Amino acid sequence: MTQLHLAVALDGTGWHPASWREPDARPAGILTARYWADLVTEAERGLLDFVTFEDALGLQTSAFHLPDDRTDHVRGRLDAVLLAAALAPLTRHIGLVPTTNVTHTEPFHLAIGIASLDHASLGRAGWRPQITSRAADAAHFGRRTTPQLTDEDVRDSELIAARLRELFGEAHEVVEVVRRLWDSWEDDAEIRDASTGRYLDRDKVHHIDFVGAHFSVRGPSITPRPPQGQPVVAVLAHAGTPYELAAAGADVVFVTPQSRADAVTRLGAFEQARQRSGRPAGDRIRAFADLVVFLDDEPGRAAGRKRRLDELDGSTFGSDAAVFTGTPGELADLLLEWQAVGLDGFRLRPGTLPHDLTAVTGGLVPELQRRAAFRTAYEADTLRGLLGLPRPANRHARAASAEAGR
Amino acid sequence: MKQIHLAAQLPSVQHTVVWSDPSSGSQIAFDSFARLARTAERGKFDFFFLSEGLRLREHKGRVHDLDVAGRPEALTVLSALSAVTTHLGLAATVNSTFNEPYDVARRVATLDHLSGGRAAWNVVTSYDAFTGENFRRGGFLDEADRYTRAAEFLHTARELWDSWRPGDFRADAAAGEFIRAGAGRFTHRGRHFDISGRFSTPPGPQGHPVIIQAGDSPEGREFAAADADVVFSRHSDLASGRAAYRDVKARLAKYGRSPADLKIIPSVSYVLGDTPAEAAERAEEVARAQVGPETALMLMEAAWGRDLSGHDPDGPLPEVDPVPDSVVTKGHNLYRSRGRDETVRHWRRIAEERGLSIRELITEVTARPTFVGTPRQVADAMNEFVQSDAADGFVFSPNVVPGGLDELVDRVVPLLQEMGVHRAEYTGGTLRDHLGLRPARHHHSEETL
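Below you will find a few notes about this structure. These figures come from a predicted structure and were not determined experimentally.

All names here are of chain B. Sheet architecture is open: three strands sit in the order E4-E3-E14, paired in antiparallel fashion. Unpaired on one side and paired on the other, strand E4 (62-63) and strand E14 (329-330) mark the two borders of the sheet. In terms of strand pairing, strand E3 (residues 58-59) meets E14 through two bridges, oriented antiparallel. By the bridge assignment, Glu 58 is partnered in E14 with Lys 330.

What follows is the structure in structure tokens.
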């Protein structure tokens, strides 16, 4: 049986907006390294492939497209790249995947930040680029405006995507520039040749000379090529336009099927985007389904817990991803059923922390191991290794060896 | 007696690093950073410092290949170092020209949270269209505007940190109140920044991270006096050190600050020997390794603005005139402060007076101020520098990475501790504590209390 891959998405005290009011929640800790270290070491004990960290360039909001004035939900968070870096020395195997905004940030800064995370973690960095259309986020930078989505737009993910096509086009360029900067140093560019006084072989350090529709970047990077060559790029995609971004630029795509049948539909749509992208068919892209999970051993208890949290919050929690309530055994059944339609793995979003994370590591993982569907030990030290993705050859080295072979 | 503040810098992209030394390790591997930082912490240093580079240097139109090149992003490395140290301050250079206040303020605040109050930010400027080619925004800033932007950038960052008042982050589950209404709300309307909204990151344990400024120009000194907690200076002798110290400290009063509010710490290196003669000999070896014949010619070409490849690095200075306004080396600011003509005149004068070759001259003019001697001599010289008000301490940049701080910490620091001028144990938890700085001012509390 093909083993599945498992990740958890960490954010605040969990994905339920009332999660911070649970008795075992540590809401005052979300700005401390200790809090996150406890969560990530727990995920690593469970042999998970990677954790992701959410982020945004604005205060959290409970509306998709607008800021709100709520004071009764988790608000305030740390920069995800720096948070991931602080966890790198405390872990050995698990991948660390921060989210960054690509609409208001500089691709050069993003490239060297993620490359540095890969150096500090010895090859366990990933990167989740994310656009923002919120006008409020743009006002935090004051350099441009972005299209403000209406309530009408928000009802339909295809409509949103159409409205944001321009920002996705720019995101394509950011991902492309970041990847080119990672390749701008060949792996063996540092030669330290004392006899000629040369520290670098400058023939192996390249300007990228990227000129796109939205911006240009000259390069090369200031940071040598990271251990994985290319850290793992992961894109969350709900519809056609983001599928194109993932198909063209990602190693991992997170999709949000609502059912097994919906997973078939979404993977089909993604496959079409992939074929249109012109990306080499040999390039592997891992497809993960996102699921919000509430887990308890006793049947019915998780659903009851979610109901109680909904009552506390005053509304029924739903998400862009499907929401699962049940036992670890029931979740294992569902994951294996869905996996069969062509998913490589799942990114589980714990409803509450630490409860639903420890239910994954202590309940779901052993259950999947019993069914020989999940690893019993880490088999690689890098994130690419865990995901079965090869280390990409440097595009310049590739070009040079093709030249030599002619 | 004044206490000596000590900081350590991992030397990066430059010819002061002796990368050819057999003990020289990686400038990139996290282990190198961790080893140097742990050594500094073992020596009870105030902080560890990383500089920044946003473009590789180029010489005669090609990537410069003689110096150490390539470094990770400073704040990312320092965040990782926060996990392997407990008291050491963590300082990063972050450019105010090619960044935006919202992003930098949240990243520096994040480091302050992750490190438990040990973050510092060295605010620097760039005027450089060459560096700008790596950014969407390009080389958009006139040189004259770089300090006005830097000052407004820093003020804006402080407004963002202050947008959360003490107690705004409540996480009170019983009351169902996570934050106070309006927490993080800000509006800034200025010449360089016109921004408003909600700031996403409550301030860290220090409130405002420690602010560092480097640079010795009159604008730089004024900026430091108005806004910085620490200034990196560059003076190698007591007389010029004292003069600069007096000048900078005198500027503080007009900003309502006292001399203790700003620490002046020159950037220095050191070479030890068991005897004075052995130390001098080692210092000479280090200098030879730092400035090889290729590096000497390259720097001469940079200053002259023309190709000098026919010249013997061990021979006299070129007789040909420099080419005005010609730039053969980009990303280097060796002669920027003086201007090309003045630099060349100055170099010719020194070389003539002392009969120096190209390589000897370059070695002389590019050397970082260096303490050379036995451990006792170095400890005494450091102490004299501080007690006579030429500095408040030093930032040491060792010649070799990552082991280059070992001798200082093992052989000189114990002497300073015996003399009672350097702490034997950390007495506080935050970098502000180590530096003896007052808690950060909070604009709101000043207004409302």
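Text resumes after the structure shown.
With that settled, the discussion passes to the pairing of strand E5 (residues 89-95) of chain B. Residues and elements named next belong to chain B. Judged by how many residues are buried, E5 sits mostly within the fold: seven of seven residues are covered. Side chains Gly 89, Ala 91, Thr 93 and Asn 95 project from E5 onto one buried face, and the interleaved Leu 90, Ala 92 and Val 94 project onto a second face that is buried too. Sheet topology places strand E2 (residues 47-50) next to E5; four bridges connect them, and they run parallel. Looking across to E5, one finds that Phe 49 is bridged to Ala 91. Running through helix H3 (residues 101-114), the crossover from E5 to the neighbouring parallel element strand E6 (residues 119-124) is right-handed.

Of note, the bond from Gly 219 of chain A into Pro 220 of chain A is cis; its omega dihedral lies within 30 degrees of zero at -5°. Checked against the element boundaries, Pro 220 of chain A lands in the loop between strand E8 (216-217) and strand E9 (232-236). The amide bond that connects Val 401 of chain B to the next residue, Pro 402 of chain B, takes the cis arrangement and shows omega of 0°. You can see Pro 402 of chain B is positioned in the loop between strand E16 (393-396) and helix H13 (406-418). In this structure, Asp 389 of chain B takes a positive phi of about 60° despite not being glycine. Turning to its location among the elements, Asp 389 of chain B is positioned in the loop between helix H12 (375-387) and E16.

As a further point, take the pairing of strand E12 (residues 322-326) of chain A. Walk down a regular strand and you will see the side chains alternate between the two sheet faces. All names here are of chain A. Side-chain alternation along E12 places Ala 322, Phe 324 and Gly 326 on a buried face and Val 323 and Thr 325 on a face that remains uncovered. Pairing between strand E11 (residues 286-295) and E12: five bridges, direction parallel. Within the sheet, the bridge partner assigned to Leu 295 lies in E12 and is Gly 326.

Reading the values: the criteria
Residues numbered from 1 in each chain as written. Chains lettered and ligands numbered in written order. Predicted model: local features only at pLDDT ≥ 70, side-chain atom pairs only at ≥ 80, totals over all residues. Heavy atoms only, no water. Pairing = 2+ DSSP bridges. Helix = DSSP H or I, 4+ residues; strand = E, 2+ residues; numbered from the N terminus. Buried < 20%, exposed > 50% of the residue type's maximum accessible area, 1.4 Å probe, protein only. Right-handed = clockwise from strand over helix to strand, strands pointing away.

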